[in-house]
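Architecture at a glance
Listed below are the residues making up each chain.
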Amino acid sequence: AKGCEITTTYTLCLAGTLYRRQHLSESKYFQCQCQRCADRTELGSNFSTLMCQQCKKGHVTSAAPLDEQVR
């Protein structure tokens, strides 16, 4: 029902935010704004995080994970 929490997985759990949101937009026709998609580290999973090529320790994450124009 409208307003109820979704507990079914509509996409690959092991995919990064960009892929999951694109897949949901194209196949289910909605823009996911769940807690994981909105979090820069994807709730600590870091599936979309890149390793810093300069220091090899730090992580590069999206500044605005829900904004498709900002990466």
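This text follows the structure it describes.
Computed from a predicted structure; not experimentally measured.

A separate point is the environment of Ala64. Summarising the element assignment, Ala64 is placed in the segment after β2 (59-60). Taking the C-alpha atoms as reference points, Ala64 and Asp39, separated by 25 residues in sequence, lie 8.7 Å from one another.

Quantified by volume, the largest pocket comes out at close to 370 Å³. Every residue lining the largest pocket is counted, 16 residues in all, and those nearest its centre are Ile6, Thr8, Thr9, Cys32 and Cys34. If you list the elements that add at least two residues to the lining of the largest pocket, you get α1 (17-27) and α2 (35-38). Among the residues forming the lining of the largest pocket, the class breakdown is 9 nonpolar, 4 polar and 3 charged.

Residue Tyr29 is not a glycine yet carries a positive backbone phi of 65°. Tracing the sequence through the fold places Tyr29 in the loop between α1 and α2. Here Tyr29 falls in the exposed class, since its relative accessible area comes to 70%.

Our next topic: the pattern of salt bridges. This structure, assessed with the given rule, holds 2 salt bridges. Here Glu42 makes a salt bridge to Arg20, at a shortest N to O gap of 2.6 Å. A residue pair is termed long-range when its members are at least 10 positions apart, and Glu42 in the loop between α2 and β1 (50-51) and Arg20 in helix α1 qualify at 22 residues. Here Glu42 falls in the buried class, since its relative accessible area comes to 2%. Residues Glu42 and Arg36 are paired through a salt bridge, measuring 3.4 Å at the closest nitrogen-oxygen approach. Taken individually, Glu42 and Arg36 each receive the classification buried, so the pair is uniform in this respect. Residues participating in the shared-partner salt-bridge network are Arg20, Arg36 and Glu42.

Turning our attention to the side chain of Arg20. Judged by relative accessible area, Arg20 falls into the buried class, the value being 4%. Excluding its chain neighbours within four sequence positions, the residues that come into contact with Arg20 are Thr11, Leu12, Ala15, Arg36, Cys37 and Glu42.

Conventions adopted
- Residue numbers here run from 1 along each chain, matching the order of that chain's written sequence.
- With pLDDT at 70 or above as the cut-off, local features in this predicted model cover only qualifying residues; side-chain atom pairs require 80 or more to be listed or tallied, and sums for whole chains, interfaces and linings still use all residues.
- No hydrogens and no water enter the side-chain calculation; it runs on all heavy atoms of the structure.
- Numbering of helices and strands starts at the N terminus; helices are DSSP runs of H or I of at least 4 residues and strands are runs of E of at least 2.
- The rule is simple: put a 1 Å grid over the protein atoms alone, call a set of points where a 1.4 Å probe fits but cannot get out a cavity, call an open set with protein on both sides within 12 Å along at least five of seven lines a pocket, and count a residue as lining if it has an atom within 4 Å of a point.
- Grid points are joined across faces, edges and corners, and a volume is the space filled by probe spheres set on the points.
- Classification convention: Asp, Glu, Lys, Arg as charged; Ala, Val, Leu, Ile, Met, Phe, Trp, Tyr, Cys, Pro as nonpolar; all other residues, Gly among them, as polar.
- Each residue gets one of three labels from its accessible area relative to the maximum for its type: buried under 20%, exposed over 50%, partly exposed in between, using a 1.4 Å probe on protein chains only.
- Salt bridges are defined by distance alone: a side-chain nitrogen of Lys or Arg within 4 Å of a carboxyl oxygen of Asp or Glu.
- We call two residues in contact whenever any of their non-hydrogen atoms come within 4.5 Å of each other.

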